[in-house]
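Listed here are the chains, written in short residue letters.
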Amino acid sequence: MALLTFPHFSSHFSSLASFPNTRSFSPTRRYCSMKATGTAILWFKHDLRTDDHPALLAASSFRLLVPIYIFDRRILSRFSDETLELVLLAVQDLRKSLKDRGSDLMIRFGNAENVIRELATEVKATCVFAEQEVEYELRFIIDVVNQRLKSVTVPQGTPRIELWQTPFYDVKDLQNLPASYDEFKKLRLPVTTPLQLSVSTLPGADMELDWGVLPSYDDIKGFMASNQRKSGANWSLIKETSAETVLRRKVLKSGDNIERSSSFRQTQSRERNGSVFVTQKGNAVGGSTNNVLNALAAYLRYLEGTARDDWQEVHEKVRASESRNGASFIGLFGPALSLGIISRRRVHYEAIKYEKERNAGFLSPFGYSAATIAAAVDAVCSMEWYWLMALRNQINNDGMYSTRIWKWKGFLIQYTVAGEDGPAVLLVHGFGAFWEHYRDNIHGLAESGNRVWAITMLGFGKSEKPNVVYTELLWAELLRDFIVDVVGEPVHLVGNSIGGYLVAIVACIWCVLIKSIVLINSAGNVIPRYSFIPLSRIQDRQTSGASWLGSRILLFYLRLRTQETLKKCYPTRVERADDQLINEILRASYDPGVLVVLESIFSFNLSIPVNFLLQDVKEKVLIIQGMKDPISDSNSKVALLKEHCDGVIIKELDAGHCPQDEVPERVNTIICEWILGVESNILAECPA
């Protein structure tokens, strides 16, 4: 709609709430007042800090405490090489911080459920603290850990899991929290204050334990390589090169060699040299929590200037990464926040404290006094909103399809999956839409013997809308990573409107990931006899005054005319443009970050010819075209496709811009027949 895996897991699993030995902390619980007996295990995952750590404070009241970090391939496989460096350095600092308080950090490799069960048996643990998660696979892992703990017996009974979170807002009733950010803001919930660890010495362990050796970067990469699936061994290289780089090489016909960094290297922290950018690439802040806090202080004080070398480096990075107003904060601090090296409310606390310093202890009702303060506060408040919505949606997950969350580059992406067996199908929506735009296709395709994933792209629906520069190549990389990380095998890739254009880009750049593609009223143009391919860099897509103003006018127009605009896209079945679609479009229009997404409309590069994108995959392309599309001239487009895209199959339908939702039964039949034919050809080509 252009309204401007986990295959090895079961599709369903029990909620943690169903287990009687699983509890959750109340946000207002007075952790320090707990007097517990026995041994606690504190399982660190994406909370790599001792500052503002509610579970560490709670666990400190136990007689014995065993903190642990587990290098689990299923968790590590989501990380880029640079993020793996940040993890290693953060774990190194976490161990040092715990040792300074009389404790230690156990290091283990393997599946978390096996490691924790063995450790719980060894130390006779009564409680395992684990941070609450919204990402599907991590929730699954916690579920399995909980199941495995049932087989452990200690004198006090079966160990229980305590799920905890760092409460940003003091939310009393998450289940009934407004789904609209506009309504949520009216609650005026205060931001809670970061916790300080009140004890100088943490409980130790009264037995001899093997705490493990901190691995090197090479050790981690070797562990990952030895555990990769057969397909993953080849696919892991795909994610190491950007879409822009591969596309430029394809355009320039410079060969098939893929330049990439060495798989094995030794991490050499730059932190010891005074830099807050600790990885080899030096793109993001990392290291210790104090290191990140130092960088945050420099970032917030950007306007003041500085004579300090480390702060000057931060200011230089701000200028280099400020691709649009405020975007530098996510670019520099996003990984540290995602790994929990610093908490969201600590960032908020430091930003507000500095704002009060600048204004004699007051906060102005007219906004913040520095753009960096606004960027930091807006970013963490936005991140918290999407985290709360992801958690709320999973608690209220009682619809026809289960909602899942996948974390991509630290951002929360919503998707659903249906079907247990058969070929993999991935459905991609258009601009302004969400996975529910395939509401009547998912079940139909799954019932016909397919496994179906439908994704809500970054910036749309209930997926996160961070302050980044949105481009067609960014979204293409998201689809690439989703196929590699979540689906885990080549897919039949289906896209509507601009989603179709993204699908074509993926097929052009990473054809190994697709079995076939289906373009439904796709964006993009067929350009006969094109002489060059226009490619633009992200540096060329910075926000202009025109895009800033245009996005706000466009948002006002869309809110005012959503129903009318949507109905025009459904000319043969206007009733299909119903309240479900309209209400979700309107709800999403109030989400934090929506204006950033709309600004991207004015810098989209849809000028790469569709016939260029399809030239190497023509025999794998099905085009479904609603001939009453009010957005484009379908007759002209079909004629050009027939003339300049030999080998593609075209199905013309009596429908508008969104045939998959306007005439879902017809589209389902066409796609199922197409997939059956493609799969038959694949089998026929396989050697006996």
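This report concerns the structure included in the present document.

Parameters at a glance
Residues numbered from 1 in each chain as written. Predicted model: local features only at pLDDT ≥ 70, side-chain atom pairs only at ≥ 80, totals over all residues. Heavy atoms only, no water. Helix = DSSP H or I, 4+ residues; strand = E, 2+ residues; numbered from the N terminus. Buried < 20%, exposed > 50% of the residue type's maximum accessible area, 1.4 Å probe, protein only. Areas by Shrake-Rupley, 256 points an atom, 1.4 Å probe, with all protein chains shown as cover. Pairing = 2+ DSSP bridges. Right-handed = clockwise from strand over helix to strand, strands pointing away. Polar contact = N/O pair within 3.5 Å; in protein donor to acceptor, adjacent residues only side chain to side chain. Phe/Tyr/Trp six-rings, centres within 6.5 Å; stacked < 30°, edge-to-face > 60°. Patch = residues over 30% accessible without salt bridge, like charges linked within 9 Å, V, L, I, M, F, W, Y side chains within 5 Å. Salt bridge = Lys/Arg side-chain N within 4 Å of Asp/Glu carboxyl O. Arc of directions from axis to C-beta. Contact = heavy atoms within 4.5 Å. Core = buried A, V, L, I, M, F, W, Y, C linked by side-chain atoms within 4.5 Å. Axes fitted to C-alpha atoms, helices over the stretch in contact; angles between N-to-C directions. Parallel < 35°, antiparallel > 145°, perpendicular 65-115°, else oblique. Left-handed = near helix turned anticlockwise from the far one by under 90°. Nonpolar A, V, L, I, M, F, W, Y, C, P; charged D, E, K, R; others polar. Disulfide = S-S within 2.5 Å.

1. Digging into the overall build of the chain
Helix and strand counts for the chain come out as 24 helices and 14 strands. Here the chain holds 688 residues, and the buried ones make up 58% of them. A total of about 28,100 Å² of accessible surface is found on the chain, and carbon and sulfur atoms cover 51% of it.

2. Focus on the pairing of strand 9 (residues 424-428)
Of all five residues that make up strand 9, five are buried, and the element is covered over most of its length. By the alternation rule, side chains of strand 9 split into A424, L426 and V428 and V425 and L427, which are all buried. Two strands pair when backbone bridges link them, and strand 9 and strand 10 (residues 451-455) are joined in this way by five bridges, in the parallel orientation. By the bridge assignment, L426 is partnered in strand 10 with W453. Crossover connection from strand 9 via helix 15 (residues 442-447) to parallel strand 10: handedness right-handed.

3. As for the side chain of S61
Inspection of the secondary structure assignment puts S61 in the loop between helix 1 (54-59) and strand 3 (64-71). Reaching out from S61, the side chain makes a polar contact with the backbone oxygen of A58 at a distance of 2.7 Å.

4. What about the pairing of strand 3?
Of all eight residues making up strand 3, eight are buried, and the element is well covered by its neighbours. Of the two faces of strand 3, the one lined by L64, V66, I68 and I70 and the one lined by L65, P67, Y69 and F71 are each fully buried. Summarising the sheet, strand 2 (residues 39-44) and strand 3 pair through six bridges and their orientation is parallel. When the bridges of strand 3 are listed, W43 appears paired with I68. In this fold, strand 2 hands off to helix 1, which returns the chain to strand 3; that crossover is right-handed. Relative to strand 4 (residues 106-109), strand 3 runs parallel, the two sharing four bridges.

5. Quick word on the packing of aromatic side chains
For the coordinates displayed, the defined rule picks out 20 aromatic pairs. When the ring of W475 is compared with that of F604, the centres are 5.6 Å apart and the planes differ by 65°; the resulting orientation is edge-to-face. Placement of W475 in helix 16 (residues 472-487) and of F604 in the loop between helix 20 (594-599) and helix 21 (610-613) is noted, with a sequence separation of 129 residues between them. One exposure class covers both W475 and F604, and it is buried. An aromatic cluster of at least three residues, connected via ring pairs, comprises F168, Y169, Y181, F184 and W385.

6. Considerations on a nonpolar patch on the surface
Taken together, the side chains of W548, L549 and I553 make up a nonpolar region of the molecular surface, amounting to roughly 320 Å² of accessible area. Position of L549 among the secondary structure elements: in helix 18 (residues 545-568). Judged by its relative accessible area of 46%, L549 falls in the partly exposed class.

7. Some details on the pattern of salt bridges
One pass over the full model with this rule turns up 39 salt bridges. D310 is the salt-bridge partner of R308, the closest N and O atoms lying 2.8 Å from each other.

8. Describing unusual backbone geometry
The phi dihedral of K124 falls on the positive side, at around 55°, and the residue is not glycine. We note that A360 has phi near 55°; this positive angle belongs to a residue other than glycine. Here A360 shows up in the loop between helix 13 (344-358) and helix 14 (371-395). Assessed through its relative accessible area of 66%, A360 is described here as exposed.

9. Some remarks on helix 22 (residues 634-644)
Turning to helix 22, its buried residues are S634, K637, V638 and L641. For helix 22, the angular spread of buried residues about the axis comes to 95°, placing them on one side. Summarising the geometry of helix 22, the exposed residues directed more than 90 degrees from the buried face are N635 and E643. Buried residues along helix 22 sit in contact with strand 13 (621-626) and strand 14 (649-653). Where helix 22 begins, the side chain of D633 points an oxygen toward the backbone nitrogen of N635, at a separation of 3.3 Å.

10. Points about the environment of P423
Residue placement: P423 occurs in the loop between strand 8 (411-418) and strand 9. For the pair P423 and E679, spaced 256 residues apart in sequence, the C-alpha separation works out to 8.0 Å. Ignoring any residue separated from it by four or fewer positions in sequence, one finds P423 in contact with G449, N450, R451, H492, I675 and E679.

11. So, the nonpolar core
Among the nonpolar cores identified, the biggest contains 193 residues, and W43, Y69, F129, F329, L426, I455 and L493 are the most heavily contacted of them. With 26 residues, the next largest nonpolar core counts Y401, A418, Y438 and I671 among its residues.

12. Points about the sheet that holds strand 8
The strand order 7-8-10-9-11-12-13-14 describes an open sheet built from eight strands, whose pairing is mixed. Lying at the two open borders of the sheet, with one neighbouring strand each, are strand 7 (404-408) and strand 14. Within the sheet, the average angular offset between the axes of one strand and its neighbour, ignoring direction, is 20°. Both strand 9 and strand 11 (residues 491-496) contribute to a ladder of four bridges, which runs parallel. Along strand 11, the bridge assignment pairs V428 with G495. Contacts from helix 16 reach strand 7, strand 8, strand 9, strand 10 and strand 11 within the one sheet, and its direction differs from that of strand 7 by about 120°.

13. So, the environment of V145
Relative to the helices and strands, V145 is located in helix 5 (residues 136-149). Discounting chain neighbours no more than four positions away, the residues touching V145 are W43, A112, E113, I116 and I161.

14. Brief notes about the packing of helix 11 (residues 309-321) against helix 12 (residues 327-338)
When two helices pack together, their arrangement is given by the angle between the helix axes and by the axis-to-axis distance. Interhelical geometry of helix 11 versus helix 12 gives an angle of 125° and a closest axis separation of 8 Å. Between helix 11 and helix 12, the interaxial angle falls into the category oblique. Along this stretch, helix 11 crosses helix 12, giving a crossing that reads as right-handed. Side by side, helix 11 and helix 12 meet where K317, V318 and S321 of the first sit next to A327, S328 and L332 of the second. Here the contact of helix 11 with helix 12 is built from residues that sort into three nonpolar, two polar and one charged.

15. Remarks on the state of the cysteines
A full pass over the atoms with the stated rule returns zero disulfides. Summary of cysteine pairing: C508 is not part of a disulfide, and the nearest cysteine sulfur, belonging to C511, is at 8.7 Å.

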